[in-house]
Every structure is written in C-alpha cells, then in structure tokens.
There are 4 protein chains.
Amino acid sequence: MGEIGAYYTDAPGGGINFNTVKISGEGGNVLLKPLLTGICGTDRGIVNGSLSFAYNPPGYSFLVLGHESLCEVVESDSPQFRKGDRVVPLVRRPGECPNCLIGRPDNCSDGNKHEAGITGLHGFMRGEFRDFDHNLVRVQDNSLGDIGVLTEPTKNVVKAFEVFERVSSRFVYNNSLSTLEGKKALIIGTGSEAFLYSLLSRDYGFETYILNRHDIEQNKKDMCAAFDVNFVNSAADRDLINGSPIDLLIDTSGDPGTIFHYVRKMNYNGIAILFGTNERAPVATIGGDDIDYVVERNITLAGSVDAARIHYLKALDCLSGWKRKYGKALDGMITGYYTPGDMDLFMHKPAGEIKSVIRW
Amino acid sequence: MGEIGAYYTDAPGGGINFNTVKISGEGGNVLLKPLLTGICGTDRGIVNGSLSFAYNPPGYSFLVLGHESLCEVVESDSPQFRKGDRVVPLVRRPGECPNCLIGRPDNCSDGNKHEAGITGLHGFMRGEFRDFDHNLVRVQDNSLGDIGVLTEPTKNVVKAFEVFERVSSRFVYNNSLSTLEGKKALIIGTGSEAFLYSLLSRDYGFETYILNRHDIEQNKKDMCAAFDVNFVNSAADRDLINGSPIDLLIDTSGDPGTIFHYVRKMNYNGIAILFGTNERAPVATIGGDDIDYVVERNITLAGSVDAARIHYLKALDCLSGWKRKYGKALDGMITGYYTPGDMDLFMHKPAGEIKSVIRW
Amino acid sequence: MGEIGAYYTDAPGGGINFNTVKISGEGGNVLLKPLLTGICGTDRGIVNGSLSFAYNPPGYSFLVLGHESLCEVVESDSPQFRKGDRVVPLVRRPGECPNCLIGRPDNCSDGNKHEAGITGLHGFMRGEFRDFDHNLVRVQDNSLGDIGVLTEPTKNVVKAFEVFERVSSRFVYNNSLSTLEGKKALIIGTGSEAFLYSLLSRDYGFETYILNRHDIEQNKKDMCAAFDVNFVNSAADRDLINGSPIDLLIDTSGDPGTIFHYVRKMNYNGIAILFGTNERAPVATIGGDDIDYVVERNITLAGSVDAARIHYLKALDCLSGWKRKYGKALDGMITGYYTPGDMDLFMHKPAGEIKSVIRW
Amino acid sequence: MGEIGAYYTDAPGGGINFNTVKISGEGGNVLLKPLLTGICGTDRGIVNGSLSFAYNPPGYSFLVLGHESLCEVVESDSPQFRKGDRVVPLVRRPGECPNCLIGRPDNCSDGNKHEAGITGLHGFMRGEFRDFDHNLVRVQDNSLGDIGVLTEPTKNVVKAFEVFERVSSRFVYNNSLSTLEGKKALIIGTGSEAFLYSLLSRDYGFETYILNRHDIEQNKKDMCAAFDVNFVNSAADRDLINGSPIDLLIDTSGDPGTIFHYVRKMNYNGIAILFGTNERAPVATIGGDDIDYVVERNITLAGSVDAARIHYLKALDCLSGWKRKYGKALDGMITGYYTPGDMDLFMHKPAGEIKSVIRW
C-alpha cells in the first residue's frame, strides 16, 4: 500500500486532519476499502481531547480515526471472502487475558487489548487498509444497504443486553406470568446509541422511554413514533415517568447527576446499564440515602463497554429484522452524508443528528 | 401468652424501652424463648431515628426490636421440632411477588414483605414468642454454642456471595488457571458484618483486606491475624492497598465517599457489593470520570440486602466450619454479654465491639 | 354457552368424535372462537391411545381435543382485549409448585399442572370457549395471517433453546472467536416441529441438518432450500453428516435407537435436546461404551417439554421475523386446510404433511 | 534424573510392571517425590485393557501409571514452593481450545488435552518426577495427613456438583422455601468416588442414598452411619427408595441398565450426573417410554469428567472440613496401605476396599 487519504489526529486532543498518510507493516489477508464510516462521540472526544484514554499506535505520532465502518473487499487471500463482499471490521483486538483468549476482548481482564481508531491501532477512516479474515464479519443481507454501517454501534447494545440477562439471573426478574409485560425501560439520551437501545428494548417487550433535558427535533419525534418509543423532556416535565418505577435504566450520557437522579426512580431489582462516558460531565453529589436506595432494593449498576464478534453477528440480525419491520424509519437513523475531508463534522454536531456518515 | 418483657421503640427514632408488653393474635405452632439476641446498627438506627424505613406492626404504637437471635423451643406442635431444640427464626417474611413465592423474600419485587423487628412485624427481643415451623431453622451442631447467634448476620454474607457469583457470570472472572489465586478483596468496615465477610472471602481464596479510617482495637487485630485477613488504616496509609487493584469490593459502611474512592481502585471486571446503609453518611461528589471508570472496566455495583432460608442453612454450615477451623478466635466475635434491660447498649457502642449480645 | 360442535375423545385411545357437546362451568372473562386449529402427533396419539398420560377433565367422560389454535375474541370483559382481536391461548395451566407460581408451569416440579386438550382440561377444537385474559397472548402482527396458528408449536422450540442456553453455561460452548460459526446442529425428524427447530437453529447460526430415515416430499425439499437447511436421508447415506461431529442434537422422534446412534456422533461438550415422544418406538440397546462416550465428552441430554407465556411471546416474534424473511416459504408450513368434522385427519397423516389445520 | 522405580504398562491392556525406567526430557521447575499414590478403577482398567482410550506418551512404548497422588517437594526453583511442601499435581494438562485456554481442560472442546498416567503423559507412580509450579496445588492443612491423597478423586465430585448447579439454573430446582430440604439424592455405587459424592451431597443438604446390587462390608456400613448416608441393597430390596422420587441421581458405575432403571424413578426436573465408566458393562434396552419419561419431566442427564485447578482447591477445602467434622471416620476411606512393587493390587480389588494407597 502506498499513501492513502485518511482522517487522523495527534491523539488525544490533537484536532483533526485529512491528508495522505503512510502506514507500513500492517498485516492481513484481506484488502478493504470503506464504503461508509460513521462518526460518534468517541471520535469527537478524541479530536477535542475530552477522552484521555486514546493513544497512538507504537511508532506513530498520529492516530488514524474511525471505528464505525461498512467496507468492501477489494482483494482477498482468504477463502472466506471474495472481492465485492461487504464486511464490517471488529474494533477491539484481543490481548492474552482469559476473556481475550475466548474471543471476548470486550471483557478484557487486564486492559491489554487495543481498539482500532481509539487505543493504539489505526482506524478505518482511510482510503484502504488490510485486515485478517477473523476480524471481519460479512454483511449477508444485501437489503440492509447503508444501514450496515450501524453494525458497530448496534453491537454495543447487543452486548449490554447480554449483561442485563446475566445480571438479572440473580433473582426472578420477570413478572409472575414469566414475561416482561408491564416492565419499564428508560434510556437516558437521544443520540444514535439511545435509539438503538430503544429498538432492542422494544424487541424485549419493555415499555420504553428515551429522555433528554431539552426538546428533540421532529425527525427524532417521528422516529420515536415509528419505533413505539416514548420521548420524555426531563426539563419540561420532571415527573412524566414517575407513575411507575423503572425496571431497566440505560445511560448513554455519562452524566452522573442524571444517572443518580433516575437511579432513585428505579424499581426493586432494577438494573442500570452504564454505557455512556463523558469525562467533562459536571460532578454530582450522592448521599447515604442513594446508597441505601440501591442496597435495600437489590439494584445493580453494571458498566458495559464494547462487544465481541458474536455481538456483531447478532447486531446484523437485529438490523435486518428492524429493516424489515420499520423500513424507511430505520433508514432515518442516518441523518447526514458527508465527504472525505469534511472536517467540520468532527468539531460540530449537525442539528438533528442521529448518525452522520462519511461516504468514501 | 400474657405480658412479657420486651425491648421496644416507637419506631423509628422513638428511643428504647424495656418493659412488659402485650402482643395478641400472633400465630405459630412453635413457642420460643430467646437465649441470645444480637444487636446491630439497624437496631441502633431504629432507636435513634436514622433509618427511616422502619415502621410499627398494624394496630400497634410500638415495635418490639430484635432480628438477630438464637432461640430455644419451649413447646412445639410441629413434628419438625421438639422442646429444647435450638433454632434461629427468619427475619424477612414473604409477600406475594414472584420472588417471595419461591422463598426469596430477600429479593422481593414489590416491597410487600415484612421484617421482624424492623418493618411491620414485632421482633425477637422479648421473653417469648410464637412462630411457624417453616420460619425456623434448627441449629444442629451443638458445638456451635453461643456462636449460633451469628447465623442471622452471616446469612447476609452468604447471600451477597451468591450475588457475586451470579453477577460474575457476565465474564470469565477467574484467572487463566480457573482459580481466584491472586485476586484481591477489600471490605470496607471493621464491624461484625465486615469480619463475617472477611471469613467467607478467605474461604473463596481471595487475598483479603478490611479497612477503616482509624486504627482498630487489639482484639480486632488479633482476629485479623487468626483469620489471615489484612487490616488497612486508610487514614494512616491511604495507599496501602494500591499495589494491585481490587477485584471484589464489599462495603459495610454505606458511606458514598469511601465507596467511590475505592471503586476507583478496582480492577477490570471488578464487582462491588453494596451492603452497608447509613442514611446520615456525608454526601460525596462523583464525576464523569467515575462513571467512565466503571463503564470502561465493565465494573458492576450490586446492592444486596437480607437473605433467604437457604442462606441461613448455609450460614450455619459456614459457622460450623469456622468454629472447627478457628476455634476460640471465632468465639471472640462476641465481644460482650448484656442483660435484658441494659438499654444503654442501644445508645452507645462499647469500645472494641464486634458483636454485643443480650442473654435472656 | 349452549351446545357447541367439538372434536372429542374418550381419552386416551378412545378414537375421535365430532359432535355437539355441553361444557358447563368454565370461567373466563373473554369469549373466544377458534379461527384455525392445528393438529399434531399428540392429538393423534391421544386418539389412537399411544399417549398414556392424557386424561379427561374431572366430571367428564370425554376430552375435547386441541391445543394448537389461533382464535378471535368474540366478547371481552377484560380491558386487555377487544372484540376481533386475534389471540393464542396458553396450553398449560399452573399448579402450585415454585415453577408454576412464577409462570413456568412448563417446568412444573410436581406434575400438578394441566394441559388444555391433553391432561384434564378441555381443548380448543370447539365452536367457542371462555378463557381468562392472562391465559391469552395477542397476535399483534396482522401480516402473520394464518401462520399465527404455529405459535403454539413454535413456543416449544423457543423454550428448548432457552434450555440449551442454560445448560451450555456449564462450559465455554462457543468457539474461540465467541461465536457459533462452524458449529453443527442435527435435528432428527422432518415434521412441523423439526422445521421450526431448524429455523431457530439457523437464526442462532448453526450449520443445520434435518434428518429422516426415508426421502422427503418435494415441498419439504423446497422448504429446506428456502430455510438454508440441509436434509439427510439416514437410510440412503448413513455417513453423510459424519464429517464433523454434532454440537447440538435435537430429537423430535422420541426414538431411542436413532437418538443414541447420533449421540455417538456428538462433539465434546455436545448438547442434546430431547423433545419428541413416542411410547411405541422400538426398544434400543445401549452399552457401557455409550455411557462412556457421554461421560468423557461432558455431553448433556436434556428433556424439554412445553413452554411458558414468555415463549409464546417470543414465538410470535420469531414467526413475524421469519414471515418477513422467508415470506411464502414460511406459509408453506401449512400443508392442508380441513373443515370441522373431517375426522379422517386424526387417523391418517396426509402425504407431505408439515402442518394440517382445521378452519372453523 | 536417572533411572527410577515406576509402575508402568504397555497401555492399554498391557498388564502391570514395576521396575526402573528412564524418562528423559520432562520439564518442570519443581522436583517431586510421591508420598502416597491411590489406585482406582481407571488404573485397573488400563492394566486389564478395558479402557480403550489410554495411550502412551509420544516416543515411549509404555505408560507410567498413577494419577492420584500426594507428593513432597524435593527441590524447587519456583518461588511458590519450598522443599518439604506437600502438593498434589494436576492430572489433566490443557490443549489450545477455548476451555483449555481458561484453565478448564476438564471441559476440553476438542480432545487435545492429556492426562498424566492415562492419555499420553507419564503418571505419578514413580520414585520422583519434575513438574511446573502451575500444575501443583499445595496442601496447606497439615492436619489432613494421608487424606490429602483423596484430593484427586474429590476434585471430580466438586466439578460434578458445579455441573449440577449450572444445569439446575434451567428451572427453580429448590423447594418453595428456597432450600433443598426434602430433596433426595441417589448415588449408584459404593466405591471411593461414591462415598466422596455422598459426603458432598450431605453438605448440600440432600437426603442421601448410596446403592449397590449386593450387601456391603461392615467398614462401609460404619462409614454410611458416620456420614449420615443410607445404604440401599438393590438386589434385596428393589423398592427401598421408591417412596419418593429421586431429585439428583449420580452414577459411578457406568452401567446403562442400572442408570436407566433409576432414571425412571427420578422426579420432575431431576438431574442425573453420569460419572462412572465401564466399557464392559452389559448392554441394556431402553424404550420410547424411557425417552418420554425424560422429556415429560424436563430431566437432564449430564456427563461429567475430570476437573480443573479450582476444583482441586475446593476439594482440599472439602477434605479439611470433612476431616474436622468426621475425624477418624474420614480416615477410614483409606482401607489399605501397600508398598511399591505390590502388583497384585492392580489385578485384584481387596475385600472392603474403599481406597487402596501405595506408600512410597
């Protein structure tokens, strides 16, 4: 490979560049070119320096960005792939801990994993790159179209619900008819991850709410209606969801004040999935009564990060199912198409953004 | 039953009385008299009003205290018990939620359970009382002696480790040899529950630390030595346990500042059991970086309250095993014997107290 | 309700009748009329006496048949249903064991449950009947059409895969990439349950085989092709699936000889779900080497019967997903429509039958 | 190492030799000498050729026997061990499957593990040998004495109960009080493994039966009495345990006829652990009614072989607890001491044998 166009940063906080870079020595039996790459809060956080954990690959003074992508196989030495196949590359690459050794680097026990475009590995926002077949999942459902680029953010949601299932084995979580009928899920946030969480929450059968502290744009309201999800403006109506307690709380904001405000509205045996991160969120105060609330109700708060190959596969199944069920409403998740070099996208979030993607 | 001597309070915060009371209409096919009753922070909290959740039984303007006890059967209409049998009565009595219906009122889904001596049921600190055989567990190991009074506090520990086991099924928690060798547990607090947690933590094979913000008395230091547990004075040596991160954090303090200080020293996949409650603990501030720490490491914080009949049975097995293994050192858990009417015990904690008991 | 037309038998082995019957005293706040009822091996077994466990409701000398149905609400006193709603009634009704009390009569601990149309409760093959709202699940997806009648047989498949998931927690079942890629499932039988198992097996990602000892009709071959499932004629090619061992074996035949023949072709950590029953199957011999094979490979054989309300809900989700994915191929599961009174259907299985249904 | 005395065989079925052998190239940072080695049915089976799976290490025409041992450290280059430490070496050594990689070669997914003294690795019945520290567990409880030699057979029992716990998560296995009170365990066989299973079964709280088809010697009857275990002579009283069904069936015989006879006496949700192997057991017939019985009651049959390091550690804890609880009765598990060269022991089982050991 020669020089290729790439988004890169001097991570973290090094701003954003788009130029040709030279990357040497990357292995892989498949040559890939991105069709679409999505951008998310992590990309913007690396660019603006609010995510302290990002770092450059060894020997490089920069980090190629990009962990959400839908790619096309350009050339393959692997029997598993052929030129023209659509694939999604895995973000996290294993170390040697017990979890990594069984294909679960998302649960890495010692932190010695790496993430493409984030921690020590170049990402996918570049003209082309090589990778190994075992790091790629094929998009078999052609009807998915551009929505395949949501595989990466969706895989986080699938893993988080796995965590929910494991944690909920500590008691009888379901009702006395064995179902989740009558159970309520609240998702904090109204970004792309929040909408993806709301979709899986509906599949599970939760009465589902998504929440923000301000009103949302019409496109998001339409999406809520299509997905049978309720929007709550916490500023306008602090008590809207107070009628019955929350059985499943999912946070995509990383904001401790909001999290603990709603922890205090959880039900007995409630489970909170902490997914969002925001190192610049304002501090919040919690008291003995907050701890008491969690203890007396057997509440669980579970951090959940990233996901494994199995969750990518299930994410593709989810997306196929949602595409068939919701059709154009799901396509509405992609709110803007951009071109390589459109660097402003990394600095400013477009109005009404759910997912902005760059077409390569 | 006529009038009997009892400790009671006008819960919560009604101070403490010892006098004869008349309780009518309690059912039960076994008549019991307490041999020993233990007192704990919950009793003192009810008396001084720091536990807002306590309430009187319907139709009563007072609450008989006492949930930790070792009793003797005075009279039995049940084929399962004979006069002279030693038994421990269960504290929590079920409602009609799915967890209560399978004998797990400790995991009550709707809060409609009751607790003897705490929430809506009279407790065991009285001359005699009736109960049903299915609410009693027999102390079969005569060699346990007075230590049988620790069954109730120990059952909480057994349940908490069940929670730990269920929650830890979300990943490979053990090391690559399948064991807990090299894993570290930190228990916040140095009271009776903390020591009981430390004993089970050692049985599991954790390198075990208990922690307080001040030095501990010699009897507690001796106990640490006997149980192969390390004491950490967090005030004197804030960094003593910093060498390697904490895999299992157990809090018996209810203090949010201490909890989150040590959450930040947890390992990847760390599990924190929140057990202690203290509504009067000082507020603490947590920030986005705290949430980020929990998310990025897949950390779980799990409230755990009370326990079920199965945990009383396992607690008795634990105590028998510990008695055989530690002998007199375990007896040292009971640091003081008191007599009925000794009301000062509810207002002031004796120096060096691990467990104070009242002999009836 | 007055007299209504019904299929009934003097169970077990009492042949089949279709005539008006009078059923008194049945409760229920919803009046239902079947649109379609499916028939299966259990119905035929009751009629011909090969299922010894069927029995009449108390006070009746006959049993109304029918446990697979798609019904319409005629009249509702429940706020949950309105006239015209399509619903599927649950087959199994709980006793008072711990599993029944949490809505899992499928896992009844003591056998004191009942099954409509099978054990002590009248079934759904009659002009109309009453039932309670908590025994009904609504078919919300109108596009399902007649396929809704497959909810009942599909719910068995959903429960069996739940058993598979629980049992497989005894080891790392997935491959070292965390997925089921490369894992093989063999389903014994080619009836409706076998095809439904094959569909969920494909959803999980197993390379999937269904097997019979004779060739299958063209409609079934086409269905295999549509579902990406491989058919194996065990008589013609005893070794076809021998290339790599079986990771998941599902039996719908109840035939011990066939089961143990394929148990011996299972992989390490293989899981066999035993679902089919056939009391008239020929006896088979097993030896010490068969037991040895199971022991040395940590193989699990798990009986799985019936399912709970949650599995009916998930079955409806499965059917909706399959309908969207496979379209007309799924409709092909219904191979024949019959009319009430067509009693020959209970005595003789039509050629090429997957699912025969009666339109009411 | 020079030549050392060893028991060996030309496995399988090569009879038994005791002579000096030369083993070259074995690695290990600890030099060990056995104090005691136990013999079991596997050793005898290798010697008499009834276990077809045994094979010699590569490059050898013989196999040194012995997998049950209690050893002393002669020399250590490991910081974890010192001269004089008592240790038990692990039997099974991992391959590279996902289970092996996380320290669970007992659950090996592909069969590429090895077992000392059985499959491809020399065993411990020799004057001295080297091993690596991570393959050794220390016997920390000096009071265990010779009973430490039971660690290896006990670790199988601990793993089997882990399987029981995982499998039983498929339903509510416990009673409506959350306990195992009133549950019955039947263990087929009266050898050393059967007695060890009975001890753990009692610890769990099962009413426990062990069974054989003939009467047992007085020493075994005394042991049953000491352990609170009931003996059943199936020949004399085929119906002794028929009063209530079996909730947990454990087989140590490998005999299919006996296994399925008692499977038919199992309760709803019963779990059978298949542990014993006997390739020469007589064949048995099973019918459709046997399969039906398993299906309709959600019965699980789970093969369980070997165990991992964690089970060795827990086995040592079990043995320490049992030693403290049962004292001399536990010592009675060793029914005979033999000397190296006493080859008849491998050909004939001494009368009343529970565990025969060779003192080195």
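Residues numbered from 1 in each chain as written. Chains lettered and ligands numbered in written order. Predicted model: local features only at pLDDT ≥ 70, side-chain atom pairs only at ≥ 80, totals over all residues.

**So, the overall build of chain A**
Selection criterion: The numbering of helices and of strands both runs from the N terminus, where a helix is a DSSP run of H or I of at least 4 residues and a strand a run of E of at least 2. Radius of gyration means the value over C-alpha atoms here, while the globule rule gives 2.2 Å times the residue count to the 0.38 power. Here a residue counts as buried when 20 or more other C-beta atoms fall within 10 Å of its C-beta, as exposed when 12 or fewer do, and as partly exposed in between; the C-beta atoms come from the backbone. Note that contacts rest on C-beta atoms placed from the backbone: two residues are in contact if these are within 7 Å.
Of regular secondary structure, chain A possesses 10 helices and 20 strands. A compact globule built from 360 residues should have a C-alpha radius of gyration of about 21 Å, and chain A, at 20 Å, falls within 12% of that. If you line up chain A on its principal axes, its C-alpha atoms span 60 × 45 × 40 Å. For chain A, with 360 residues in total, the buried portion stands at 56%. Here the analysis covers contacts within chain A between residues at least 6 apart in sequence; of these, 68% occur between residues at least 24 apart.

**Points about the relation of the copies chain A and chain B**
Quick note on the threshold: Alignment of the copies relies on least squares applied to C-alpha atoms, considering only residues that score at least 70 for pLDDT in both.
Take chain A, turn it by 180°, move it 0.0 Å along the axis, and it overlays chain B with an RMSD of 0.0 Å. Here the transformation between the copies is reduced to the relation of a two-fold axis. Minimal C-alpha distance to the rotation axis in chain A is attained by T285 of chain A, lying at 2.1 Å. A share of 100% of interface residues in chain A that are also interface residues in chain B marks the association as one of identical surfaces.

**Describing the sheet that holds strand 7 (residues 92-93) of chain C**
Residue and element names in this part refer to chain C. Counted only if it meets this: Only strands that DSSP links by at least two bridges are regarded as paired with each other.
Read from one edge to the other, the open sheet built from three strands follows the order 7-8-9, with strand pairing classed as mixed. With partners counted over all chains shown, the strands left at the sheet margins are strand 7 and strand 9 (120-121), one partner each. For strand 8 (residues 114-116) and strand 9, the ladder comprises two bridges, and the chain directions are parallel. Each residue of the ladder has a partner; that of E115, found in strand 9, is G120.

**Digging into unusual backbone geometry**
Positive phi, normally seen in glycine, also occurs at S178 of chain A, with a value near 85°. Position of S178 of chain A among the secondary structure elements: in the loop between helix 3 (151-167) and strand 12 (184-188). The backbone of N269 of chain C sits at a positive phi, close to 65°, despite the residue not being glycine. One can find N269 of chain C in strand 16 (residues 266-274).

**Quick word on the domain arrangement of chain A**
Put simply, the rule is: Boundary definitions for the domains trace back to an automatic or database domain assignment.
Structurally, chain A comprises domain 1 (4-138 + 327-359) and domain 2 (156-303). Taking the mean C-alpha position of each, domain 1 of chain A and domain 2 of chain A sit 28 Å from one another.

**Notes on helix 3 (residues 151-167) of chain B**
Put simply, the rule reads: Helix span, expected: 1.5 Å multiplied by one less than the number of residues in the helix.
An ideal rise of 1.5 Å per residue puts 24 Å on 17 residues; helix 3 of chain B measures up with 24 Å between its terminal C-alpha atoms. For helix 3 of chain B, the tally of buried residues reaches 14 of 17 residues, placing the bulk of the element in the interior.

**Let's talk about helix 8 (residues 309-326) of chain D**
Residue and element names in this part refer to chain D. Along its 18 residues, helix 8 runs 25 Å from first to last C-alpha, staying within 8% of the 26 Å computed at 1.5 Å per residue. Within helix 8, 14 of the 18 residues are buried, leaving the element largely enclosed by the surrounding structure. Phi for G327, located one or two positions after helix 8, is positive at around 55°.

**A closer look at the interface of chain A and chain B**
What counts here: In this classification, Asp, Glu, Lys and Arg are treated as charged, Ala, Val, Leu, Ile, Met, Phe, Trp, Tyr, Cys and Pro as nonpolar, and every other residue, Gly included, as polar.
At the interface, 54 residues of chain A touch 54 residues of chain B. Elements represented by at least two residues in the side of chain A that touches chain B include exactly helix 2 (98-101), helix 3, helix 6 (256-263), strand 16 (266-274), strand 17 (284-286), helix 7 (288-296) and strand 18 (300-303) of chain A. A breakdown of the residues in the side of chain A that touches chain B according to their chemical character gives 24 nonpolar, 18 polar and 12 charged. As defined by bridge partners, strand 18 of chain A adjoins strand 18 (residues 300-303) of chain B across three bridges and the pair is classed as antiparallel. Residue pairing across strands places L301 of chain A opposite L301 of chain B, the latter belonging to strand 18 of chain B.

**Focus on the pairing of strand 1 (residues 4-9) of chain A**
All names here are of chain A. In terms of strand pairing, strand 1 meets strand 2 (residues 17-21) through five bridges, oriented antiparallel. For Y8, the partnering residue across the bridge sits in strand 2 and is N17. Relative to strand 4 (residues 63-64), strand 1 runs antiparallel, the two sharing two bridges. When the sheet's bridge partners are listed, Y8 is paired in strand 4 with V64.

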